[in-house]
Amino acid sequence: MLKQWILCGSSLALTALFSLFQPDFWLLPALVAAVLLPYLCIRLNRKGFAMHGWTVFPESITPSAVKAVAIEPALLIGKTQISAEVWLPFEHVEAEHFRSRSGAMLLAAAIAQTDACIAAAGSTSGCTPEEIRQWEQALGIVPDTFRTLNPKVDDAKANGFSGVVVRDGKEYRAYFVGGPAIIRTCKTILDGTERPMQDVDLQRLGQTPAGALCYASSPVADGKLTGLCYLGAVRPVIRFKPSAEAIRAGERLQEMGLSVRLMTDKRWDLQVVREMGIEWPDDEGASDTLEVHADPEAGDRDFSKPVIRMLGQANCQVYGQLLAALMGFCLWPCSLSTSSPWALLGGLVCLCVSILLCHDRPIADPPAYRLRSFLFPLLPGVLIPVASMLLLERLAPSRETSGTFMILTEALAYALYWLLYGTEGRKKAYVYFVGIAVCVLCMLLSYVLIAGFDLVSLCCGLIVGSLTSAVILVLHRYLCQDTPEDEAGEP
């Protein structure tokens, strides 16, 4: 952008220099300045993208260059569900099939009676009371039912492992919970039926995961344990469900022709997403990729909204840049009928001031731009002033006066068009007043400075300038209108 400003400044300087020494040569650098100066004013007024709860990087990417969107994998992780894996004692079963297995009722009773022992252990158990409730529910265990049938009598300890003593009919039974180390304290094992623990059993049970909760039981006679029997083990498992909102957002972007990729800086989140079966590719940091980061406190997972809005804002800015360049170029043909560049420069100042007064507001509801909407209006923009030069020599006494007012009138129309969309509320009337006042002042100065000023030439210039600007704006807006075919193919 700095190089463009340097080029524009050089063009303005050459325009002023050539107008003093070479009257006909100032038109070429003036053409460069007429296109670049309004274009750069739009870029100077460009604002960065901002949306509550989202950060999109980079902000200045060209919409046509965007081919992919990179998101944080955490956006795809929806609700968590606590389930469990069970070993009875060797058979590994999922929670859904637990209750149909032999020995399940005794293990279920041990789980229900000792869940308070797990919760009391705090973080060392790896389970909170809420998580315990969830995986018990996944196993189909209702603790209150067991506690009602077999009420607790007392707390118990066996080799350092916590447990409880409950009434079991007319007898008493103790249940204990601990890590895999509890297995070596057991004398028997519930393998279909209760039988003595053997060395081969200890070898097989040595594969029990370290994070599993292992359960044992023993009848109580005369206040003493008769011997621990190993019942089985439970390992709580956290399962994740994909966020339906995030999945729909990704599908929406894919329908627009954008690839959705996953950032790789958080490996755990990425692994969870892969385990859920989502196979969107990893982000490779390509320059055609938008990075979308969510505010953790916002709670919104529809990452398509900031992308669509950002691309819409960027399209508005591109549209504004092209439209401003078009308007600047269309002022230049009128300067062919003048002998000095001051009218063209004055018109450019009028247009650029109106752009800067918009304070980075995009044109309201801009049409979807097409290349033809910026090329076709150039034809009347050039032909009408050129044709008028041939006719005005016969109708208007002063060609210089007509050309000057053509430029100023056309520039005023463009400035008011820009202000119409770029300002709002009470400020709009104030800006209109200032814009019209500046243009009227320029016209009064023209009356004083132009030699041989006459009313006929002034009216001719006003008519041709108004006609040129009206035809250009109407033709441009007409060609920019969306069609059903266009909308179907636009992102």
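All figures in this text were calculated on a predicted structure; none of them were measured in a lab.

A.B. asks: Explain helix α7 (residues 244-255) here, please?
C.D. replies: Because each turn of an α-helix spans 3.6 residues, side chains separated by three or four positions end up pointing in the same direction. For α7, with 12 residues, the first-to-last C-alpha span of 16 Å sits near the 16 Å given by 1.5 Å per residue. Residues Ala246, Ala249, Gly250 and Leu253 constitute the buried set of α7. Buried residues in α7, looked at end-on, bunch into an arc of 95°, giving them a common side. Buried residues belonging to α7 abut β2 (68-71), β13 (259-262) and α9 (304-331). Following α7 by one or two positions, Gly257 has its phi on the positive side, about 95°.

A.B. asks: Any chance you could explain unusual backbone geometry here in plain terms?
C.D. replies: Most peptide bonds take the trans form, and the phi angle of most residues other than glycine is negative. Between Phe57 and the following residue, Pro58, the backbone shows a cis peptide bond with an omega angle of -5°. Note on placement: Pro58 falls in the loop between β1 (54-57) and β2. The phi dihedral of Asn159 falls on the positive side, at around 55°, and the residue is not glycine. With respect to the element layout, Asn159 can be found in the loop between β5 (152-158) and β6 (161-168). One non-glycine residue with positive phi stands out, namely Asp222, at about 55°. One can find Asp222 in the loop between β10 (213-221) and β11 (224-225).

A.B. asks: Looking at this model, I keep getting lost on the pairing of strand β12 (residues 229-242). Mind explaining?
C.D. replies: A regular strand places its side chains on the two faces of the sheet in alternate fashion. Across 9 bridges, strand β3 (residues 77-88) lies against β12 in antiparallel orientation. Paired with Val86 across the strands is Val234, a residue of β12. Across 2 bridges, the pairing between strand β8 (residues 188-191) and β12 is parallel. Paired with Ile189 across the two strands is Tyr230, which belongs to β12. As paired strands, β10 and β12 are joined by 5 bridges and run antiparallel to one another. Looking at β12, one finds that Ser217 is bridged to Cys229.

A.B. asks: Please clarify how the packing of aromatic side chains should be interpreted in this entry.
C.D. replies: Geometry of an aromatic ring pair is reported as the spacing of the ring centres plus the angle between the planes. Counted under the stated rule, the structure contains 2 aromatic pairs. Its end group placed over the ring of Phe90, Arg204 keeps NZ or CZ at 3.9 Å from the ring centre.

A.B. asks: Sorry if this is basic, but what is going on with the sheet that holds β1 here?
C.D. replies: One key point about sheets: their strands pair by backbone hydrogen bonds, in either a parallel or an antiparallel sense. Taken together, 4 strands build an open sheet; the order of strands is β1-β14-β2-β13 and the sheet is mixed. Two strands lie at the open edges of the sheet, namely β1 and β13, each paired on one side alone. Along the sheet, successive strands turn relative to each other by an average axial angle of 25°, direction set aside. Across 4 bridges, β1 lies against strand β14 (residues 289-294) in antiparallel orientation. Paired with Thr55 across the two strands is His293, which belongs to β14. Where α9 meets the sheet, it contacts β1, β2 and β14, and its direction lies at approximately 130° from that of β14.

A.B. asks: Can you walk me through a nonpolar patch on the surface in this structure?
C.D. replies: Together, Leu371, Leu375 and Phe376 line one region of the surface with nonpolar side chains, adding up to about 310 Å² of accessible area. The residue Leu371 is located in helix α11 (residues 371-375) in this model.

A.B. asks: Explain the nonpolar core to me, please; I cannot follow it from the model alone.
C.D. replies: The tendency in soluble globular proteins is for nonpolar side chains to be buried side by side. In terms of nonpolar packing, the biggest core is built from 41 residues, with Leu323, Met327, Leu344, Ile355, Tyr414 and Trp418 touching the most fellow members. Here this core takes 9 residues from helix α2 (residues 27-44), the largest share from any one element. Core analysis: the next-biggest nonpolar cluster, separate from the first, contains 32 residues, Ala110, Ala112, Val164 and Leu190 among them.

A.B. asks: Please clarify how the environment of Phe98 should be interpreted in this entry.
C.D. replies: Structurally, Phe98 is set in the loop between β4 (91-94) and α3 (104-120). Sequence separation between Phe98 and Leu139 is 41 residues; the distance between their C-alpha atoms is 6.5 Å. Not counting the four nearest positions on each side in its chain, Phe98 is found in contact with Val86, Leu88, Val93, Ala104, Leu107, Ala108, Leu139 and Ile141.

A.B. asks: Any chance you could explain the confidence of the model for the protein here in plain terms?
C.D. replies: Interpretation of the predicted coordinates at a detailed level should be avoided for regions scoring low in pLDDT. The predicted model of the protein averages 83 in pLDDT, with 86% of residues at 70 or higher. Note on residues 483-491: pLDDT is under 50 here. Beyond four places in sequence and across chains, it has 6 contacts.

What counts, and where the lines are drawn
Residues numbered from 1 in each chain as written. Predicted model: local features only at pLDDT ≥ 70, side-chain atom pairs only at ≥ 80, totals over all residues. Heavy atoms only, no water. Helix = DSSP H or I, 4+ residues; strand = E, 2+ residues; numbered from the N terminus. Expected span 1.5 Å × (residues − 1). Buried < 20%, exposed > 50% of the residue type's maximum accessible area, 1.4 Å probe, protein only. Arc of directions from axis to C-beta. Contact = heavy atoms within 4.5 Å. Pairing = 2+ DSSP bridges. Phe/Tyr/Trp six-rings, centres within 6.5 Å; stacked < 30°, edge-to-face > 60°. Lys NZ or Arg CZ within 6 Å of the ring centre and 35° of its normal. Axes fitted to C-alpha atoms, helices over the stretch in contact; angles between N-to-C directions. Patch = residues over 30% accessible without salt bridge, like charges linked within 9 Å, V, L, I, M, F, W, Y side chains within 5 Å. Areas by Shrake-Rupley, 256 points an atom, 1.4 Å probe, with all protein chains shown as cover. Salt bridge = Lys/Arg side-chain N within 4 Å of Asp/Glu carboxyl O. Core = buried A, V, L, I, M, F, W, Y, C linked by side-chain atoms within 4.5 Å. pLDDT = per-residue confidence, 0-100.

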